[in-house]
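# Structural overview
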Amino acid sequence: MRKHLKRELRKLWTGEIAATAMFWFCYSQLAKLGMGACLMRSATYPLIVLSLILIQGASYWWILYMRLVTDRSCARKAGRVYGVLRTIDLVLLCFGIPVAVVTHGCRLTTTIGILILLFAFIEWVNYYKIRLSYSSNPFVLLKRIKEGTLKKSRLAKEIDNG
C-alpha cells in the first residue's frame, strides 16, 4: 500500500510539472504559427495563473510524497501557506475577466485565453475546495455531483486544520 501511494504521489507531482511545461510549449508553438501578438495579449495572463496553480498543486503533492518517504513531519505548516495562496489565486482568477476584456486580441486567442482561465478555475476548485478527480470515467464525477456526494479536497482539509 505504501509503495503504491508513493508511486501515485510521485505521478501526481511530476504530472503537474509536465502539464505546466506542455502548456507553455503549446503556447510557444501557437506563437510560431503567426498568432504571436494576439496570443501574447489574450492568453499570457491566464496561462501564468494556470501555471501558478499547477505548480502549487505539484508542490503540495511533493510535500505529501516527502512526508511519506522521510517518515517525518515535512512542511507541517503547509496548510497556512496554502491558505494564503488560495486567496491570492482567487484574486488573480477574478482579475482574469477584466484582463481578458482589456487585452482583447483576436477572437480565437481571446477564446483560448478564457478557456485557459476556466481550466485554471476548475483546478483551483479541485485543489482548494472540492475533490473533482475520482475516476478516469467522467460519469463517476457526474453521479457524485447529482447525488451531492462530492468530498472536500485533501488540501482544503489541511488548510482548515492548519
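## Brief notes about the environment of A18
- Relative to the helices and strands, A18 resides in helix α1 (residues 2-70).
- Given a relative accessible area of 44%, A18 falls into the partly exposed group.
- Along the sequence, A18 and T111 sit 93 residues apart, while their C-alpha atoms lie 24 Å from each other.

## Things to note about a nonpolar patch on the surface
- Taken together, the side chains of F23, L115, L118, F119, F121 and I122 present a nonpolar region at the surface, about 510 Å² in accessible area.
- For the nonpolar patch, the leading source of residues is helix α3 (residues 107-128), giving five residues.
- Relative to the helices and strands, F121 resides in helix α3.

## Structural notes on the packing of aromatic side chains
- For the structure on display, the rule yields seven aromatic pairs.
- Aromatic pair W13 and Y65: ring centres 6.5 Å apart, planes at 50°, arrangement tilted.
- The class of W13 is partly exposed, set by a relative accessible area of 21%.
- Centre to centre, the rings of F121 and W124 are 6.1 Å apart; their planes meet at 20°, and the pair counts as stacked. Highlighted residues: F121 and W124, both in helix α3, separated by three residues, approximately one helical turn.
- F121 gets classed as partly exposed once you look at its relative accessible area, which sits at 38%.
- Members of the aromatic cluster, each reached through a chain of ring pairs, are Y60, W61 and Y82.

Calculation rules
Residues numbered from 1 in each chain as written. Predicted model: local features only at pLDDT ≥ 70, side-chain atom pairs only at ≥ 80, totals over all residues. Heavy atoms only, no water. Helix = DSSP H or I, 4+ residues; strand = E, 2+ residues; numbered from the N terminus. Buried < 20%, exposed > 50% of the residue type's maximum accessible area, 1.4 Å probe, protein only. Patch = residues over 30% accessible without salt bridge, like charges linked within 9 Å, V, L, I, M, F, W, Y side chains within 5 Å. Areas by Shrake-Rupley, 256 points an atom, 1.4 Å probe, with all protein chains shown as cover. Salt bridge = Lys/Arg side-chain N within 4 Å of Asp/Glu carboxyl O. Phe/Tyr/Trp six-rings, centres within 6.5 Å; stacked < 30°, edge-to-face > 60°.

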